[in-house]
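Observations on the three-dimensional arrangement
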Amino acid sequence: MNRKLIVFDIDGTLLNSQKEIAVSTFRSIEVLKEAGHHLAIATGRNYDLAKDVVKAVGFDHYICCNGSAAFMNHQLVHSQPLTKDGLERLVKIADQAQLDLIFQGLYGMRRHNEVVGEKLVSAMTSFGSGAPEYQADFYQQEDVYQALTFHGLDQEHIYEEFTEFDFVRWHDVGVDVIPLGGSKAKTIPILANKLGISLEDTIAFGDGENDREMLSLVGHGVAMGNASPAVQACADEVTTSHDEDGIYVSLRKMGLV
């Protein structure tokens, strides 16, 4: 069997509804490592928010900020921050509409608005985080790999003429702002190529809207049972949910564990 690159989303995939990694997943990871497969995380989180999971599973490779950065053997091998001009325009539009913004560097995260809005709190607490520290000029001082804006579907029109970045919804009121054309799907082939793995030998597990392109692109995309029907439609396989050993069930079906 060819060596595989197997990529896992974090929230709703590696982590169950209790924000824990199932015992069956840990055991599967050990079997995959012993077989010599490459394992990686692909997440919307920046490195600071992902590092505890990275350490828990012992992965050497990880894609952060929805593909804006990638690490191979813990070294940065792909970097695509948001442009400063685009960020200035994003801030102007968000401020006019009174929308909260968060800016993510690789190793830090700050909120742009001094007063913390309810939508920001609702979205960030959904994956066990919270409101970061306030620093209005963070985007001017640091490279920003991803921004987060907080609004419902009724306010989608606010950014409809914004062409510098892509907007990917991950929560009822949470939207990731990423480089134009950027995604986990764009970065996985870059990592696979550096590891000497063909795209047909890549496997990805995911559950969110920001996983749809990834699941469609890889050699074998696996949607978790807790994913929406729209996400499941993008995958080659739908496994059981993150609370029902979905990763193990799929890997066993594929004969990998």
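Located above this text is the structure these notes cover.
Worth saying up front: this structure is predicted, and the values here are computed from it rather than measured.

Here we take up the sheet that holds strand E9 (residues 165–171). The sheet built from five strands is open, its strands ordered E7-E6-E8-E10-E9 with antiparallel pairing. Unpaired on one side and paired on the other, strand E7 (109–111) and E9 mark the two borders of the sheet. Mean inter-strand twist for the sheet, computed between neighbouring axes without regard to direction, equals 25 degrees. Lying on the sheet, helix H4 (residues 118–125) is in contact with strand E6 (101–104), E7, strand E8 (146–150), E9 and strand E10 (174–179); it crosses E8 at an angle near 120 degrees.

Residues Leu101 and Phe103 of E6 are buried on one face, and the alternating residues Ile102 and Gln104, pointing to the opposite face, are buried as well. In this structure, E6 lies alongside E8, joined through four bridges in antiparallel fashion. Within E8, the position partnered with isoleucine 102 by the bridge is leucine 148. Where E6 meets E7, three bridges bridge the pair, whose relative direction is antiparallel. Bridge pairing in E7 places phenylalanine 103 opposite arginine 110.

Another point: the sheet that holds strand E4 (residues 69–72). Think of a sheet as strands paired side by side through backbone hydrogen bonds, with each pair either parallel or antiparallel. Here eight strands make up an open sheet; going across it, the order is E5-E4-E3-E2-E1-E11-E12-E13 and the pairing mixed. Two strands lie at the open edges of the sheet, namely strand E5 (75–79) and strand E13 (237–238), each paired on one side alone. Two strands pair when backbone bridges link them, and strand E2 (residues 38–42) and strand E3 (residues 61–64) are joined in this way by three bridges, in the parallel orientation. By the bridge assignment for E3, alanine 40 is matched with histidine 61.

Turning our attention to the pairing of E5. One ladder, built from four bridges, connects E4 with E5; its direction is antiparallel. Looking at the pairing, alanine 70 lines up with histidine 78 of E5.

Within this structure, the stated rule accounts for twelve aromatic pairs. Centre to centre, the rings of tyrosine 159 and phenylalanine 167 are 4.8 Å apart; their planes meet at 25 degrees, and the pair counts as stacked. Judged by relative accessible area, which is 27%, phenylalanine 167 ranks as partly exposed. Here the aromatic rings of phenylalanine 162 and phenylalanine 165 are separated by 5.4 Å at their centres, their planes lie at 35 degrees, and the arrangement is tilted. Residue phenylalanine 162 is classed as buried on the basis of its relative accessible area, which comes to 6%. Exposure remark for phenylalanine 165: the relative accessible area of 4% places this residue in the buried category.

This paragraph deals with the side chain of serine 183. Relative to the helices and strands, serine 183 is located in the loop between E10 and helix H6 (184–195). A distance of 3.2 Å separates a polar side-chain atom of serine 183 from the backbone nitrogen of alanine 185. Beyond its immediate sequence surroundings of up to four residues, serine 183 is in contact with Asn66, Gly67, Ile178 and Glu213.

Calculation rules
Residues numbered from 1 in each chain as written. Predicted model: local features only at pLDDT ≥ 70, side-chain atom pairs only at ≥ 80, totals over all residues. Heavy atoms only, no water. Pairing = 2+ DSSP bridges. Helix = DSSP H or I, 4+ residues; strand = E, 2+ residues; numbered from the N terminus. Axes fitted to C-alpha atoms, helices over the stretch in contact; angles between N-to-C directions. Contact = heavy atoms within 4.5 Å. Buried < 20%, exposed > 50% of the residue type's maximum accessible area, 1.4 Å probe, protein only. Phe/Tyr/Trp six-rings, centres within 6.5 Å; stacked < 30°, edge-to-face > 60°. Polar contact = N/O pair within 3.5 Å; in protein donor to acceptor, adjacent residues only side chain to side chain.

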